[in-house]
Amino acid sequence: MQTLLLWLFYISTFYAFIPGMISRIFGYRVFRKGIGRSEFALTFDDGPDSLYTPLLLDLLKRYGAKATFFVVGSHAEQNPEIIKRMHDEGHLIGIHNYVHKTNWLMRPATVKRQIQHTDDIIFSITGERSTYYRPPWGIVNLFDFSKRRQVQIVLWSAMFGDWKEKLGADRLTEKLLAKLNPGEVMLLHDCGTTLGADPNAPEHMLVALERMLQEAEGRGLRSIRIDEMIRMVQSSPVQKLSFGKRLLVGLWLAWEQVFQLMLRIKTISPADPFLHYRMRKYKGEPVQMEGGELLAKGDKVIELHIDNRQLFELGIHSRSSAQLAIRMIRRMEKDMPVLAQRIAADIDLAEAKALYGVSMINRGPEKFGFMVLDLPKGWFARSTKFYLSILLSVIHPAGGARLKERSEVLVPKMMLMPVSQLLDQMNQQRPQKQVKPREQVREEELSLEAELPAATVVH
């Protein structure tokens, strides 16, 4: 009996658990996140529902949003008019099995029949076949990978737990807005009849989704279908990178998340992150800045960091270092006024003497008032140059050849600008600490003594 259980464990591990982990973590043979400057993807599972899906379609129509519906075949069979409306209004219809049952508990032939049956139902209603498939709960088995030629498996990059009514519309709104970024593939549910879901949960989802769509409209973001997002990815220069380079990029972007958490780095514009910052003490040699201010060791500075994902996107779509510099300047033009406003409203930030950063882009920072200086020779300069060499080879398809041709762009430079200069340029005032004059403090103490004659005031 023990041997049988052991064999069952081995089989289930290789058949289901390991493939599931590989697809979730590494995205192997599945699509789970896209790219784009202003596009994200709304996807809905488990429907159609006779009550909530029509309300959802009304909402999407009001905001001109396109979505992808992964429908359960048995539900589609019961609601053909809703499936037809999805198709007529320009949404994409995908497959979510004929019944909502995990692929871990079904044989490969059974999963195949589930997919085919659902596809036949969709075809009988719309006249079009579906080639997009999301397994229930996103759980794949070993043989699902072999279906790549028949269907494109689609997972997600953001899931919100909206199938539970206790989450509520307000909390769900917060979670949706936190993930409202270009390239996100959002998973929501338009049906609450699935095992483990609450029947009325989609009601809260609709409220939260409308709030998010309002915010997206204000930010200039739009929801597109999964097939459109996949085409954007396939036409991206990223696809020209080797697997090794894509792996390096993935590790590099993951490291940034860890780095930001460890050092508690903040973002200037969270809705469209480009510049990050943190307060720290300057550790270099004294520098005479423009305007006569001296930056000495131990002075507080605001250290600036460029977002790695944005840098990668800008670099991969730039034909030259000059074009990359121009695009970075445009992004800086958006964030510098916001940074000035934040400093003017924060006494702690205003105590910093200078903005500080190290950059491989040597042309452009002077436009904003930065001094561009050579890094002092030593370990930091050498290690930074080595890092930037790897960085350039990663963010540009022809990085290795470009590295030999334009080695001068790899000279890291230090950028400095007095905080006072930034505030003057942006017409902002440095906040002042409210310090009571000695005479006012003494009057308050005397008043307190008069009101409390039994109290002894120690000066």
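Below or above, wherever it landed, is the structure these notes cover. The structure presented is a predicted model; accordingly, all values stated were derived computationally and were not measured.

A word on the overall build of the protein chain
Logical step 1: For the protein chain, the helix and strand inventory stands at 16 helices and 16 strands.
Logical step 2: Here the protein chain holds 459 residues, and 47% of them are scored as buried.
Logical step 3: Across the protein chain, every contact between residues at least 6 apart in sequence was considered, and the portion connecting residues at least 24 apart equals 76%.
Logical step 4: For the protein chain, the exposed area adds up to about 24,500 Å²; of that, 57% sits on carbon and sulfur atoms.

Some words on the packing of aromatic side chains
Logical step 1: Applying the stated criterion across every chain, the model contains 2 aromatic pairs.
Logical step 2: With a centroid separation of 5.3 Å and 25° between ring planes, the pair formed by Phe44 and Phe69 is classed as stacked. Of this pair, Phe44 sits in strand 1 (residues 39-45) while Phe69 sits in strand 2 (residues 67-71); the two residues are 25 residues apart in sequence, bridging distant segments of the chain.
Logical step 3: Seen in terms of ring centroids, Tyr282 and Tyr356 are 6.1 Å apart; in terms of plane orientation they differ by 70°. Their pairing is edge-to-face. Highlighted residues: Tyr282 in the loop between strand 10 (275-281) and strand 11 (287-288) and Tyr356 in strand 14 (residues 354-359), separated in sequence by 74 residues. Each member of the pair, Tyr282 as well as Tyr356, is classed as buried.
Logical step 4: Arg129 extends its terminal NZ or CZ atom over the ring of Phe123, reaching a point 4.3 Å from the ring centre.

Some words on unusual backbone geometry
Logical step 1: Omega for the peptide link from Gly47 to Pro48 comes to 5°, which places this bond in the cis form.
Logical step 2: We note that Asn97 has phi near 70°; this positive angle belongs to a residue other than glycine.
Logical step 3: Among the residues examined, Asn97 registers a relative accessible area of 0% and is labelled buried.

Quick look at the sheet that holds strand 9 (residues 266-267)
Either a parallel or an antiparallel arrangement is found when strands of a sheet pair, and the pairing is made through backbone hydrogen bonds.
Logical step 1: Read from one edge to the other, the open sheet built from 6 strands follows the order 9-10-13-14-16-15, with strand pairing classed as mixed. The strands lining the two open edges of the sheet, one partner per strand, are strand 9 and strand 15 (371-374).
Logical step 2: As defined by bridge partners, strand 10 adjoins strand 13 (residues 300-306) across 7 bridges and the pair is classed as antiparallel. Bridge assignment links Arg278 to a residue of strand 13, and that residue is Glu303.

As for helix 2 (residues 52-63)
Logical step 1: The end-to-end C-alpha separation of helix 2 is 17 Å, in line with the 16 Å expected for 12 residues at 1.5 Å each.
Logical step 2: Where the residues of helix 2 are buried, they touch strand 1, strand 2, helix 4 (80-88) and helix 7 (201-219).
Logical step 3: One or two steps after helix 2, the chain reaches Gly64, where phi turns positive at roughly 65°.

Quick look at the packing of helix 2 against helix 4
Logical step 1: Helix 4 packs onto helix 2 with a crossing angle of 15° between their chain directions and a minimal axis gap of 10 Å. Relative to helix 4, helix 2 is oriented roughly parallel. Handedness of the crossing formed by helix 2 with helix 4: left-handed. In this structure, helix 2 uses Thr53, Pro54, Leu57 and Asp58 to contact helix 4, whose residues at the interface are Ile82, Arg85 and Met86.
Logical step 2: In terms of residue class, the contact of helix 2 with helix 4 is made up of 4 nonpolar, 1 polar and 2 charged.

A closer look at the environment of Asp299
Logical step 1: Among the secondary structure elements, Asp299 is positioned in the loop between strand 12 (294-295) and strand 13.
Logical step 2: As for Asp299 and Glu351, which are separated by 52 residues in sequence, their C-alpha atoms are 9.2 Å apart.
Logical step 3: Apart from the residues lying within four places of it in its own chain, the contact partners of Asp299 are Arg280, Lys281, Tyr282, Leu294 and Lys353.
Logical step 4: A distance of 3.2 Å separates a polar atom in the side chain of Asp299 from a polar atom in the side chain of Lys353.

So, how was this worked out
- Residues numbered from 1 in each chain as written.
- Predicted model: local features only at pLDDT ≥ 70, side-chain atom pairs only at ≥ 80, totals over all residues.
- Heavy atoms only, no water.
- Helix = DSSP H or I, 4+ residues; strand = E, 2+ residues; numbered from the N terminus.
- Buried < 20%, exposed > 50% of the residue type's maximum accessible area, 1.4 Å probe, protein only.
- Contact = heavy atoms within 4.5 Å.
- Areas by Shrake-Rupley, 256 points an atom, 1.4 Å probe, with all protein chains shown as cover.
- Phe/Tyr/Trp six-rings, centres within 6.5 Å; stacked < 30°, edge-to-face > 60°.
- Lys NZ or Arg CZ within 6 Å of the ring centre and 35° of its normal.
- Pairing = 2+ DSSP bridges.
- Expected span 1.5 Å × (residues − 1).
- Axes fitted to C-alpha atoms, helices over the stretch in contact; angles between N-to-C directions.
- Parallel < 35°, antiparallel > 145°, perpendicular 65-115°, else oblique.
- Left-handed = near helix turned anticlockwise from the far one by under 90°.
- Nonpolar A, V, L, I, M, F, W, Y, C, P; charged D, E, K, R; others polar.
- Polar contact = N/O pair within 3.5 Å; in protein donor to acceptor, adjacent residues only side chain to side chain.

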